[in-house]
Amino acid sequence: MSRQHTITLQEINEENFKAVINLEVANSQKQYVSSNVKSLAECYIYRNNGDVFPFALVLGKDVVGFALLDVDDEDGDVQIWRIMIGEQHQNKGYGRQALHLLHQWAINHTNLEYLSIDYIPGNEQAKYLYESYGFKETKINEHGEVVMMLKIR
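Residues numbered from 1 in each chain as written. Predicted model: local features only at pLDDT ≥ 70, side-chain atom pairs only at ≥ 80, totals over all residues. Heavy atoms only, no water.

## As for the overall build of the protein chain
Thinking step 1. Helix and strand counts for the protein chain stand at four helices and seven strands.
Thinking step 2. Tracing the protein chain from N to C terminus, the helices and strands come up as β-α-α-β-β-β-α-β-α-β-β.
Thinking step 3. Against the 2.2 N^0.38 benchmark of 15 Å for 153 residues, the protein chain shows a C-alpha radius of gyration of 15 Å, consistent with a compact globule.
Thinking step 4. With the C-alpha coordinates of the protein chain rotated into their principal frame, the extents come out at 35 × 35 × 30 Å.
Thinking step 5. When the 153 residues of the protein chain are sorted by exposure, 44% land in the buried category. (Helix = DSSP H or I, 4+ residues; strand = E, 2+ residues; numbered from the N terminus. Rg over C-alpha atoms; globule rule 2.2 N^0.38 Å. Buried < 20%, exposed > 50% of the residue type's maximum accessible area, 1.4 Å probe, protein only.)

Structure follows, in structure tokens:
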């Protein structure tokens, strides 16, 4: 893949904050993804735990998506709590690249054994992406979401 089409993770900061909160998914996907404003508000609520990591997904100077990790030492996993690619940037491979970057971040910044992600039943696009990356369905959580796990150690 050429360098110009490779995304990077950037911590949320003053320069990328507005671009992140302005990103939206397609109308047909809104039932499956929390808004980035809500996600960042939740980061603020849980900021004192020191285990929540919000990232802008950046291509060059453009923010194309948002991801949020929750490092859960108690459960032994790094949870991809949120991941989204803005509507105008979808179907370009950025979701898969984002999974790879988050996977590498979990390996490099934790000693935990699993990476987890969940999706709302009916979100077949997410299910296909996660399965194709190697995640395996493990359970339904208390919110009715399908939890998937990937062993990283």
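## Observations regarding a nonpolar patch on the surface
Thinking step 1. On the surface, a nonpolar cluster with roughly 350 Å² of combined accessible area is contributed by Tyr44, Ile45 and Tyr46.
Thinking step 2. Relative to the elements of secondary structure, Ile45 occurs in helix H2 (residues 36-45).
Thinking step 3. Look at Ile45 and you get exposed, because its relative accessible area is 57%. (Patch = residues over 30% accessible without salt bridge, like charges linked within 9 Å, V, L, I, M, F, W, Y side chains within 5 Å. Areas by Shrake-Rupley, 256 points an atom, 1.4 Å probe, with all protein chains shown as cover. Salt bridge = Lys/Arg side-chain N within 4 Å of Asp/Glu carboxyl O.)

## Remarks on the sheet that holds strand E6 (residues 136-140)
Thinking step 1. In space, the seven strands of this open sheet follow the order E1-E2-E3-E4-E5-E7-E6, with mixed pairing throughout. In this open sheet, the two strands that pair with only one neighbour each are strand E1 (8-11) and E6. Neighbouring strand axes in the sheet, compared pairwise and without regard to direction, differ in orientation by 35 degrees on average.
Thinking step 2. As judged from the eight bridges shared by strand E3 (residues 62-72) and strand E4 (residues 77-85), these two strands associate in the antiparallel manner. What sits directly across from Val71, in E4, is Val78.
Thinking step 3. Against the sheet, helix H4 (residues 124-133) engages E4, strand E5 (114-119), E6 and strand E7 (146-151), with an angle of about 160 degrees to E5. (Pairing = 2+ DSSP bridges. Axes fitted to C-alpha atoms, helices over the stretch in contact; angles between N-to-C directions. Contact = heavy atoms within 4.5 Å.)

## A short note on the side chain of Ser116
Thinking step 1. By the element assignment, Ser116 lies in strand E5.
Thinking step 2. Within polar-contact distance, the side chain of Ser116 engages the side chain of Asp77 at 2.6 Å.
Thinking step 3. The residues contacting Ser116, other than those within four sequence positions of it, are Asp77, Val78, Gln79, Ile80, Phe135, Met148 and Met149. (Polar contact = N/O pair within 3.5 Å; in protein donor to acceptor, adjacent residues only side chain to side chain.)

## Examining the pattern of salt bridges
Thinking step 1. In this structure the tally under the stated criterion is five salt bridges.
Thinking step 2. Linking Glu24 and Lys30 is a salt bridge whose minimum nitrogen-to-oxygen distance equals 2.9 Å.
Thinking step 3. Between Glu137 and Lys127 there is a salt bridge whose closest N-O contact spans 3.9 Å. Here Lys127 lies in helix H4 and Glu137 lies in strand E6, a separation of ten residues in the sequence.
Thinking step 4. A relative accessible area of 41% places Glu137 in the partly exposed class.
Thinking step 5. The class of Lys127 is partly exposed, set by a relative accessible area of 23%.

None of this, on its own, says anything about what the molecule does.
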